[in-house]
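Per-entry structural report
As a plain string of letters, each chain reads:
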Amino acid sequence: HTYGQLAQTGCALHVFTYYDDVDWMDELLKLPVQSIGLDFVHGTGNLAHILNRGFPKDKTLIAGLVDGRNIWRTNIAAAARTLKQLAAKAPRIAVSNAGPLYHLPITTAVEKFDPALLAHLAFAEERLHELRLIADAYDGKAVEAWWTPLDVGANMAVRERVKKLVDAEFTRAPSYPARRTAQRKALPLPVFPTTTIGSFPQSPELRKMRADYRAGRVTADAYKTFIRQKIADVIKLQEDLGLDVLVHGEFERTDMMEFFAQQLDGMATTSNGWIISYGTRVYRPAIVYGDVARPRPMSVAEISYAQSLTTRPVKGILTGPVTVLAWSFVREDVPIEDVACQLALCLRAELEDYERAGIKIVQVDEPAFRERAPVKRRGWPAYFAWAIKAFRLTCASMKPETQVHSHMCYSEFGEIIEHIAAMDFDAISIEASRSKGDILESFERIKFDRQIGLGVWDIHSPAVPTVDEMRGIVDRALKLIPRGNFWINPDCGLKTRGWDESIAALKNLVALAKALR
Ligand code: GLN
Ligand code: ZN
């Protein structure tokens, strides 16, 4: 109906669809529009439909043949073949990108990649070049050598290790009730324990120091000393505030994903590959091009230094495998499940190092756990199967007395609560201001027996929450969550907040916990 109205304006209408197959193809093809754009990169249904059932002769088919979401070069000969098949059904045809290009960095030309890797990459401008190559190949013109199968970063030991994984390695033993008893003994915490999610404010001073270090204006030693001082300061601050479980502040991390990517074999990072995360926020996705291995510990020094300064437990925090993959461009030549296991094994080794360094609480952040789920629900079972496996593989070797936390934020969690429960952590800190309490009902519905830190302070707001405001959230939550399972914490890291507001809010948060006790 709407398109019928639009058609009456007499404007030429071009409808683009992307990211996946169209389920309502017959209806789409009947719309009173001039051209229809279809994604022929993700899914196989669009191609099958057009080849079997044809395409309206009075419309133009805009064939999305280059990937708008990933960075691997297009196989030009194969794309030209698809174009030929489609053109036989749709004589009016155009070549295009299969999706908007804002998911990609602008160009590889400004990066310093190893030439062997560069030969496989196409960012947005290179995608446009590919459109020309496909059209030329279709026209029978000779085109430059462009695509070869991915052949960089193979590590046979890593592949063998993943192939030999057995079920037991994905399962933490003993089960939660026994772990809970062991953890109570190892970690005497008060009721309503207080903690934060990990990062503390990254001030202009810190960002300048990091830029100076990268530019070679500051030595590695001076940078390390600076970071250690920041850690010492934030430990002292948390002790003074009276928090129960401390963090090291994450000052060494530019970004929770990039920091780990820079230290893993098989992954690359960019210097200018910014893309939009939301609103005006941007980040640089990493690239998983090879088999992923951890040549050496990544953040053990900082976390064990933090623990050495205090008798209170320091949480050892790292970014989980699903989130690292969700925020990276991932190779497509091996199943995502295998890549996830490779990454999980690296993180598992890092967690084991935390444990050896005396860390009693670890936290595996998975803020992108929900976001990475496919657009279409039919893709969910396969996605959650590998995502849960990867998380479990990351944590399953932890000792029973080591408390495993996860953290998630800014998603609708109610609908995936069973999957969250299957991750088998001991505690979760989760954002609740957007999901407006439905998350609580979900926890109740599945009789969730783990510990929950429902964010009492929305850190995306510059307002300092009062004790009463936070108390309101807790009072509502305690109708559904047993008080013995309840943690008091903000709903995400404090990285983007200022120091003054953070200190003021944390004072209130600790006051709230004391009042509750
Ligand atoms: N540990 C991270 C931090 O505190 C988690 C950030 C996130 O959830 N996006 O910054
Ligand atoms: Zn968060």
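Use the structure listed above.
Sequence positions are assigned chain by chain, starting from 1 and proceeding in written order. By the order in which they are written, chains take letters starting at A while ligands take numbers starting at 1. Side-chain atom pairs in this predicted model are given and counted only at pLDDT of 80 or more, local residue features only at pLDDT of at least 70, and totals for whole chains, interfaces and linings cover all residues. Only heavy atoms go into the side-chain values, all of them from the structure, while hydrogens and water stay out.

**Here we look at the overall build of the protein**
Each helix and strand in the protein was counted, giving 19 helices and 15 strands. The C-alpha radius of gyration computed for the protein amounts to 25 Å, which stays within 12% of the reference 24 Å derived for 517 residues, consistent with globular compactness. With respect to the principal axes defined by its C-alpha atoms, the protein has extents near 75 × 55 × 45 Å. A buried classification covers 54% of the 517 residues belonging to the protein. We call two residues in contact whenever any of their non-hydrogen atoms come within 4.5 Å of each other. Contacts in the protein between residues at least 24 apart in sequence constitute 75% of all its contacts with a sequence separation of at least 6. Under the convention used here, a 1.4 Å probe and the Shrake-Rupley method define accessible areas, while residue burial counts only the protein chains that appear. Accessible surface computed for the protein: about 22,600 Å², of which carbon and sulfur atoms make up 55%. Charge counting treats Lys and Arg as positive and Asp and Glu as negative, with His and both chain ends excluded. Charge coordinates come from a single atom per side chain, which is NZ of Lys, CZ of Arg, CG of Asp or CD of Glu. The averaged location of the 63 negative side-chain charges in the protein is 2 Å from the averaged location of its 65 positive side-chain charges. Here a helix means four or more residues in a row that DSSP labels H or I, a strand means two or more in a row labelled E, and each is numbered from the N terminus. Radius of gyration means the value over C-alpha atoms here, while the globule rule gives 2.2 Å times the residue count to the 0.38 power. Each residue gets one of three labels from its accessible area relative to the maximum for its type: buried under 20%, exposed over 50%, partly exposed in between, using a 1.4 Å probe on protein chains only.

**As for the pattern of salt bridges**
By definition, a salt bridge exists where a carboxyl oxygen of Asp or Glu is found within 4 Å of a side-chain nitrogen of Lys or Arg. Enumeration according to the criterion identifies 34 salt bridges in this entry. Put simply, Arg172, Arg179, Asp424, Asp426, Asp449 and Arg450 are held in one network by salt bridges that share partners.

**Here we look at the sheet that holds strand 10 (residues 328-330)**
For two strands to count as paired, DSSP must find a minimum of two bridges between them. Read across the sheet, three strands follow the order 5-8-10 without closing on themselves; strand pairing throughout is mixed. Either end of the sheet is taken by a strand with one partner, and the two such strands are strand 5 (265-268) and strand 10. Across the sheet, the mean angle separating the axes of adjacent strands is 30 degrees when strand polarity is ignored. Sheet analysis places strand 5 next to strand 8 (residues 286-293), joined by three bridges and oriented antiparallel. Residue pairing in the sheet places Asp265 in a bridge with Ala293 of strand 8. Axis definition: a line fitted to C-alpha atoms, over the contacting stretch in the case of helices. Angles run 0 to 180 degrees between N-to-C directions.

**As for the coordination of the zinc ion (ligand 2)**
Here a donor is an N, O or S atom found within 2.8 Å of the metal, or within 3.2 Å if the metal is Na, K or Ca; sites may look incomplete because water is not among the atoms. At the metal site, the zinc ion (ligand 2) is ligated by His407 (NE2), Cys409 (SG) and Cys492 (SG), and these contacts range over 2.1 to 2.3 Å. Each label reflects the angles at the metal, where four donors whose angles all fall between 85 and 135 degrees are tetrahedral, four or six donors whose opposite pairs open beyond 155 degrees and whose other angles stay between 65 and 115 are square planar or octahedral respectively, and the rest are irregular. Angles of 93 to 125 degrees at the metal separate the four donor atoms of the zinc ion (ligand 2), which places the site in the tetrahedral class. Counting along the primary sequence, the residues that act as donors to the zinc ion (ligand 2) give the motif H-x1-C-x82-C. On the criterion of sequence distance, the pair formed by His407 in strand 12 (residues 403-408) and Cys492 in the loop between strand 15 (486-490) and helix 19 (499-516) is long-range, its members being 85 residues apart. In this structure, His407 and Cys492 share a single accessibility class: buried.

**Focus: the site of ligand 1**
Lining the immediate environment of ligand 1, one finds Ile197, Gly198, Ser199, Glu250, Met256, Ile317, Asp365, Pro367, His407, Cys409, Cys492 and Gly493. Within the side chain of His407, one N or O atom sits 3.1 Å away from an oxygen atom of ligand 1. Protein chains shield 89% of the accessible area of ligand 1, which is 300 Å² for the free molecule. Classes in brief: Ala, Val, Leu, Ile, Met, Phe, Trp, Tyr, Cys and Pro nonpolar; Asp, Glu, Lys and Arg charged; the others, Gly included, polar. Broken down by class, the residue content of the shell around ligand 1 amounts to six nonpolar, four polar and two charged. Distances are taken per atom, and a residue is near a molecule or strand as soon as one of its heavy atoms is within 4 Å of it. Pairs of N or O atoms are called polar contacts if they sit within 3.5 Å, as long as, within protein, a hydrogen donor faces a hydrogen acceptor (for residues adjacent in sequence, only side-chain-to-side-chain pairs).

**Comments concerning the packing of helix 18 (residues 467-477) against helix 19**
Two packed helices can be described by the angle between their axes and the distance between those axes. For the pair helix 18 and helix 19, interaxial distance at closest approach is 9 Å and the crossing angle is 55 degrees. With respect to helix 19, the element helix 18 is oriented oblique. Remark: the crossing between helix 18 and helix 19 carries right-handed chirality. Contact residues: helix 18 offers Val467, Met470, Arg471 and Val474, while helix 19 offers Ala505, Asn508, Leu509, Ala511, Leu512, Ala515 and Leu516. Looking at side-chain class alone, the contact of helix 18 with helix 19 contains nine nonpolar, one polar and one charged residues. We call two directions roughly parallel when the angle between them is under 35 degrees, roughly antiparallel when it is over 145, roughly perpendicular when it lies between 65 and 115, and oblique otherwise. Left-handed describes a crossing whose near helix is turned anticlockwise from the far helix by less than a right angle; the clockwise case is right-handed.

**Some remarks on the sheet that holds strand 1 (residues 14-16)**
Taken in spatial order, the four strands make up an open sheet running 1-2-3-4, and their pairing is parallel. The sheet is open, and its two edges are formed by strand 1 and strand 4 (93-98), each paired on a single side. Neighbour-to-neighbour, the strand axes of this sheet turn through a mean angle of 25 degrees, independent of strand direction. Relative to strand 3 (residues 60-67), strand 2 (residues 35-39) is paired through five bridges, and the arrangement is parallel. By the bridge assignment for strand 3, Gly37 is matched with Ile62. Along the sheet, helix 6 (residues 124-138) makes contact with strand 3 and strand 4, crossing strand 3 at roughly 125 degrees.

**Some points on the environment of Leu118**
Counting through the fold element by element, Leu118 comes out in helix 5 (residues 115-118). It is 41 Å that separates the C-alpha atoms of Leu118 and Glu418, two residues lying 300 residues apart in sequence. Residues contacting Leu118, with those up to four places away along its chain left out, are Arg73, Thr108 and Phe113.

**Some words on the nonpolar core**
Among buried residues, the Ala, Val, Leu, Ile, Met, Phe, Trp, Tyr and Cys ones that are joined through side-chain atoms within 4.5 Å form a nonpolar core. By size, the foremost hydrophobic cluster in this structure holds 103 residues, and its most contacted members are Phe369 and Ile488. Those residues in contact with Ile488 that sit more than four places away from it in its chain are Phe192, Pro193, Thr194, Thr195, Val456, Val474, Leu509, Leu512, Ala513 and Leu516. Core analysis: the next-biggest nonpolar cluster, separate from the first, contains 25 residues, Leu13, Leu38, Leu61 and Leu131 among them.

**Examining unusual backbone geometry**
Of note, the amide linkage connecting Ala173 to Pro174 takes the cis form, showing an omega dihedral of -5 degrees. Relative to the assigned elements, Pro174 resides in the loop between helix 7 (156-163) and helix 8 (176-186). One non-glycine residue with positive phi stands out, namely Phe192, at about 50 degrees. Within the secondary structure layout, Phe192 lies in the loop between helix 8 and helix 9 (204-214). In this structure Phe192 comes out as buried when scored by relative accessible area, which is 0%. One non-glycine residue, Glu250, lies in positive phi territory at about 60 degrees.

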